[in-house]
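Residue-level structural notes
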Amino acid sequence: MNNEPNHGISVRATGGPEVLEYGELAQPELAPSKVVIDVTAAGVNFIDTYHRGGLYPMELPFTPGLEGAGTISSVGVEVEGFSVGDRVAWTSSIGSYAQRKAAAPDSLVHVPEAVPLDTAAAVMLQGLTAHYLATDTFPLHGGHTVLIHAGAGGVGLLLTQIAKLKGAEVFTTVGSDDKAELSEAAGADHVILYEDVDFADAVTEIAGHRPIDVVYDGVGKTTFDQGISVLRPRGMMVTFGNASGPVDPVSPLDLMTNGSIYLTRPTLFDYVSGPEELRSRAADLFAWIESGDVDVRIGATYPVSEATAAHTALETRQTTGKVLLVP
Ligand code: NDP
């Protein structure tokens, strides 16, 4: 067991990015059923900002970060299937903004040798999300027309590539010209600058009245209503995030008057319901990465000590692709 000091982030009170305090943390405890991991990289995700700010309540104090990748340094006596030196990644094990952390084996996947650990850290949360959205929430195939908001974001770039692999026609929205270039490079067929034009008008102009089979909306408050207005009858609104704020309540009658549409508000944690499902989805992702079918963009890497800057960048729309923290 590594007994060097363990530095990382603590949140003692909820609030803005400034509540992310860098300092020495307690050593992770090696319980008999757990492993301890030297963290190579932790992923920064919007959910970390919801934990930090109190939208999703957490017991205080806590070390944020559900996602990361690293190397196992110690193994509890009851653990099977993992050894010291194994390269692993995770998507739902809190405390990743640290040099070392303990984790339950069921939360881990082995990372293939061909996949760098920073790449693995970059796809465990946003990549698995893109995977379940495209394969299970609304299983995509050729002939489908989809609208993906924030197309140059972490989920957006990965979901666009997976939707194209499945044969769908892809509309995306983005907030700047630079982001438009990235979204196009990821394969989007039609990229709309939704700060400059009404995206529903733009979709209609390109593809006619209500052409969209499924809207994947991680932006939330500012895009939800117009997204519904471009859905075909019996299409599906998948509202999966709150980047611009939570969506206002919806009446079931609105679903009828908008064409018997379906509405779902999924979360990754119900789509990785156990280690088998987690590892099966991760295996697909790693295979796509190894074959070159999916390219993982790491848009920015910060030292863990600069987590405040990383959160600020994410929340002020300055990031593209994945943001990582390295200890
Ligand atoms: P992104 O990298 O996509 O960053 C969010 C993007 O949203 C911004 O870059 C920006 O892109 C756009 N945006 C539009 N309005 C705002 C606003 N007011 N404030 C901030 N951003 C805004 O983040 P992620 O890929 O990590 O996550 C995307 C969404 O998916 C989040 O809402 C997140 O909570 C959700 N999510 C949900 C999961 C689930 O299972 N339900 C799992 C993972 C993520 P632009 O400038 O182009 O508009």
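Residues numbered from 1 in each chain as written. Predicted model: local features only at pLDDT ≥ 70, side-chain atom pairs only at ≥ 80, totals over all residues. Heavy atoms only, no water.

The next subject is the site of the ligand. In the region of the ligand, 28 residues are neighbours, and Tyr132, Lys179, Tyr194, Gly218 and Arg317 sit closest. With respect to the ligand, the side chain of Tyr132 contributes an N or O atom lying 2.7 Å from an oxygen atom. Between the ligand and the protein, one listed contact pairs a nitrogen atom with a side-chain N or O atom of Arg265 at 3.5 Å. Notes on the ligand: free accessible area 900 Å², of which the protein chains cover 91%. Contributing elements (two or more residues each) for the shell around the ligand: helix H1 (46-53), helix H3 (126-137) and helix H4 (154-165). Looking at the shell around the ligand, the element that brings in the most residues is H3, giving three residues. Partitioning the shell around the ligand into residue classes produces 13 nonpolar, 11 polar and four charged. (Near = heavy atom within 4 Å. Polar contact = N/O pair within 3.5 Å; in protein donor to acceptor, adjacent residues only side chain to side chain. Areas by Shrake-Rupley, 256 points an atom, 1.4 Å probe, with all protein chains shown as cover. Helix = DSSP H or I, 4+ residues; strand = E, 2+ residues; numbered from the N terminus. Nonpolar A, V, L, I, M, F, W, Y, C, P; charged D, E, K, R; others polar.)

A separate point is the domain arrangement of the chain. On domain assignment, one finds that the chain holds domain 1 (6-123 + 272-326) and domain 2 (142-265). Spacing between the C-alpha centres of domain 1 and domain 2 amounts to 28 Å. If you look at the interface, domain 1 gives 16 residues, while domain 2 gives 18 residues. A combined buried area of about 1300 Å² lies between domain 1 and domain 2, and 61% of that area is made up of carbon and sulfur atoms. One can count one salt bridge joining domain 1 with domain 2. In this structure, Glu195 and Arg317 form a salt bridge, with 3.0 Å as the shortest nitrogen-oxygen distance. For the pair domain 1 and domain 2, the interface holds eight residue pairs in polar contact (both at pLDDT 80 or more). Breaking the side of domain 1 that touches domain 2 down by element, the ones donating at least two residues are H1 and helix H9 (275-291). Split by residue class, the side of domain 1 that touches domain 2 holds nine nonpolar, three polar and four charged. (Domains from an automatic or database assignment. Contact = heavy atoms within 4.5 Å. Buried area = accessible area lost by both parts, 1.4 Å probe. Salt bridge = Lys/Arg side-chain N within 4 Å of Asp/Glu carboxyl O.)

So, on to the layout of surface pockets. The computed volume of the largest pocket comes to approximately 1000 Å³. Along the wall of the largest pocket there are 47 residues; nearest its centre are Phe46, Tyr50, Gly218, Asn242 and Ala243. Elements with a contribution of two residues or more to the lining of the largest pocket: H1, H3, H4 and helix H10 (307-315). Looking at the lining of the largest pocket element by element, the count peaks at four residues for H1. In the lining of the largest pocket, the residues fall into 21 nonpolar, 20 polar and six charged. Of the domains in this structure, domain 1 (6-123 + 272-326) and domain 2 (142-265) are the two that each give at least three residues to the lining of the largest pocket. Residue lining of the second largest pocket: 19 residues in total, with Pro28, Ile94, Gly95, Lys101 and Ala102 positioned closest to the centre. When residues in the lining of the second largest pocket are grouped by element, the largest group, four residues, is from strand E6 (residues 100-103). (1 Å grid on protein atoms, 1.4 Å probe; cavity = no way out; pocket = protein on both sides within 12 Å on 5 of 7 lines; lining within 4 Å. Points joined across faces, edges and corners; volume = space filled by probe spheres on them.)

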